[in-house]
Structure formats: C-alpha cells, structure tokens
Amino acid sequence: EQSCKNVEAILEAAESGYDKVIKTTCFLDNMNDFAAFNAVYGEYFTNKPARSCVEVAKLPKGVLAEVEVIAEL
C-alpha cells in the first residue's frame with residue numbers, strides 16, 4: 001500500500017492523478033503476493049490503466065513491490 005501512496009504523492013506534485021494514469025509497470029518481489037497486491041492496486045487504479053506485472057529478484061531497500069506509472073499531465 002505504501003507504493004501506491006508514494007505514487008499518489010508524485011502524481012499530485014505533477015498536478016496529475018490516478019484518473020490520468022494510462023500505463024503501469026508493477027514489480028513484485030514474489031509473484032505469490034500478486035493476489036494481495038492486486039487487491040490494493042485495484043483500490044487506487046480504478047480506471048484500469050494498461051498494466052505489466054513482473055517478478056524481480058530483488059527490489060531496492062528490501063521493498064516487496066514497486067509501481068512505475070505513465071500519466072497525462
């Protein structure tokens with residue numbers, strides 16, 4: 001959930017918002033966490049932007065998930 005809150009802060013700083021996100025790339029430390037991640041993701045990205053989701057070997061600072069977004073300004 002912290003990743004989504006961080007994304008929200010960045011979008012707000014850019015005078016954008018979740019409704020203007022057109023593409024996300026999601027990086028998970030463990031794909032077994034996808035269902036839990038997807039539940040939280042769905043609460044924030046209600047406009048259902050295009051999405052890629054991949055498992056990675058390791059994320060910075062030991063985080064479990066990271067979300068990259070492309071949004072309209």
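In this text, all values refer to a predicted model and were calculated from it rather than measured experimentally. (Residues numbered from 1 in each chain as written. Predicted model: local features only at pLDDT ≥ 70, side-chain atom pairs only at ≥ 80, totals over all residues. Heavy atoms only, no water.)

So, the packing of aromatic side chains
One pass over the full model with this rule turns up four aromatic pairs. A centroid spacing of 5.6 Å and a plane angle of 50° characterise the contact between Y18 and Y44, whose relative ring orientation is tilted. Pair noted here: Y18 is in the loop between α1 (2–13) and β1 (21–28) and Y44 is in helix α2 (residues 34–44), with a separation of 26 residues, a long-range link. Both rings, one in Y41 and one in F45, keep their centres 4.4 Å apart while their planes meet at 25°; by these two values the pair is stacked. The buried category is assigned to Y41, whose relative accessible area is 5%. (Phe/Tyr/Trp six-rings, centres within 6.5 Å; stacked < 30°, edge-to-face > 60°. Helix = DSSP H or I, 4+ residues; strand = E, 2+ residues; numbered from the N terminus. Buried < 20%, exposed > 50% of the residue type's maximum accessible area, 1.4 Å probe, protein only.)

Some points on the sheet that holds β1
Strand order in this open sheet of three strands is β2-β1-β3, and the pairing throughout is mixed. Both outer strands of the open sheet, β2 (50–55) and β3 (65–71), are each paired with one neighbouring strand and no more. Strand-to-strand twist across the sheet, computed as the mean angle between neighbouring axes with direction ignored, equals 15°. Here β1 runs beside β2; their pairing, made up of six bridges, is parallel. Bridge pairing in β2 places C26 opposite C53. Where α1 meets the sheet, its contacts fall on β1 and β3, and the angle it forms with β3 comes to roughly 30°. (Pairing = 2+ DSSP bridges. Axes fitted to C-alpha atoms, helices over the stretch in contact; angles between N-to-C directions. Contact = heavy atoms within 4.5 Å.)

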